[in-house]
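Structure assessment
What follows is each chain in one-letter form.
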Amino acid sequence: MTGYIARYGYKCIVFSGILLLLSLLFGFLPLFFTVIFILTLYFFRDPERVPYTDDELALLSPIDGKIADISLSNFEGDDVTKIVIEKSFFGVGSLRAPCDIQILDIRRRHGLFLCNHMKISEALNERALLVCQSGSLKFAMRIIAGVFSKRLFLDRVQNLKAARKFGFLGCGIVVMFLPKDTKICVSLGEKLKAGELLGYFDKKV
């Protein structure tokens, strides 16, 4: 994706634009459809994000959002550091690589699009799990779509440079399962943009 609008939103933008033209032509609620068109453009906006640093140990935020949880957890039998980033309706939805990565596996599961504040949404909503490797380190990202998403967009890619785009999330959460010794540089409730610093890996060979 390049430019000012995420390509995933082209169909929605064209559809809302047609509705706007028809409303102007027939004089039916033109102000309402103008607002809808502007909101659609805003929802799929895609400004460029410059990586905070080019340090190979740096871990960057994969999306615009708020830190909703930082805790120790267990992922597939391993003790990990868990970070949950909540993306709101008004945030930019482009998903970006948190560092130079190779995507080893993508596990998708179709589901519902419930509000992420409902506890049951984590189990029932549409989601994808990306198993990633950076140097000798492995970690995972679980992307869970929210009520305004209607679809989870992911590109079929294997290798990504830090802050390169690989998908789009309308709203929802990104859960990162990181090595336990990862140094976290953010705090609960902090708001970040994609490409800003989350922390540092302990080592990367």
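In this text, all values refer to a predicted model and were calculated from it rather than measured experimentally.

Reading guide: rules and limits
- Residues numbered from 1 in each chain as written.
- Predicted model: local features only at pLDDT ≥ 70, side-chain atom pairs only at ≥ 80, totals over all residues.
- Heavy atoms only, no water.
- Helix = DSSP H or I, 4+ residues; strand = E, 2+ residues; numbered from the N terminus.
- Contact = heavy atoms within 4.5 Å.
- Areas by Shrake-Rupley, 256 points an atom, 1.4 Å probe, with all protein chains shown as cover.
- Lys, Arg positive; Asp, Glu negative; His and termini not counted.
- Charge placed at Lys NZ, Arg CZ, Asp CG, Glu CD.
- Axes fitted to C-alpha atoms, helices over the stretch in contact; angles between N-to-C directions.
- Parallel < 35°, antiparallel > 145°, perpendicular 65-115°, else oblique.
- Left-handed = near helix turned anticlockwise from the far one by under 90°.
- Nonpolar A, V, L, I, M, F, W, Y, C, P; charged D, E, K, R; others polar.
- Salt bridge = Lys/Arg side-chain N within 4 Å of Asp/Glu carboxyl O.
- Buried < 20%, exposed > 50% of the residue type's maximum accessible area, 1.4 Å probe, protein only.
- Domains from an automatic or database assignment.

Observations concerning the overall build of the protein
Counting secondary structure elements, the protein contains 3 helices and 14 strands. Its C-alpha atoms give the protein principal-axis dimensions of about 65 × 35 × 30 Å. Excluding contacts between residues fewer than 6 apart, the proportion of contacts in the protein whose partners are at least 24 apart in sequence is 69%. Summing over all exposed atoms, the protein offers an accessible surface of approximately 11000 Å²; the carbon and sulfur share of this is 60%. For the protein, the distance from the average site of its 27 positive side-chain charges to the average site of its 20 negative ones is 7 Å.

Some details on the packing of helix H1 (residues 10-26) against helix H2 (residues 30-43)
Interhelical geometry of H1 versus H2 gives an angle of 165° and a closest axis separation of 9 Å. For the element pair H1 / H2, the angle class is roughly antiparallel. Once H1 is placed against H2, the crossing between them reads as left-handed. Where H1 approaches H2, its residues Cys-12, Ile-13, Ser-16, Gly-17, Leu-19, Leu-20, Ser-23 and Leu-24 are matched on the opposing element by Pro-30, Phe-33, Thr-34, Ile-36, Phe-37, Thr-40 and Leu-41. Counted by class, the contact of H1 with H2 contains 10 nonpolar, 5 polar and no charged residues.

Overview of the pattern of salt bridges
Any two side chains of opposite charge can pair, so long as their charged atoms come close to each other. This model, assessed by the stated rule, comprises 8 salt bridges. Residue Arg-7 pairs with Asp-155 through a salt bridge whose shortest N-O separation is 2.8 Å. Of this pair, Arg-7 sits in the segment before H1 while Asp-155 sits in the loop between strand S8 (153-154) and strand S9 (159-160), and the two are 148 residues apart along the sequence. According to the relative accessible area criterion, Arg-7 is partly exposed, its value standing at 41%. By relative accessible area, Asp-155 is classed as buried at 16%. Linking Lys-165 and Asp-46 is a salt bridge whose minimum nitrogen-to-oxygen distance equals 3.1 Å. Taken together, the positions of Lys-165 in strand S10 (residues 165-168) and Asp-46 in the loop between H2 and strand S1 (58-60) put the pair 119 residues apart, joining distant regions of the chain. A single salt-bridge network, built from bridges that share partners, covers Asp-46, Glu-48, Arg-96 and Lys-165.

As for the domain arrangement of the protein
Under the domain assignment used here, the protein contains domain 1 (9-44) and domain 2 (58-200). Once you take the C-alpha centre of each, domain 1 and domain 2 turn out to be 31 Å apart.

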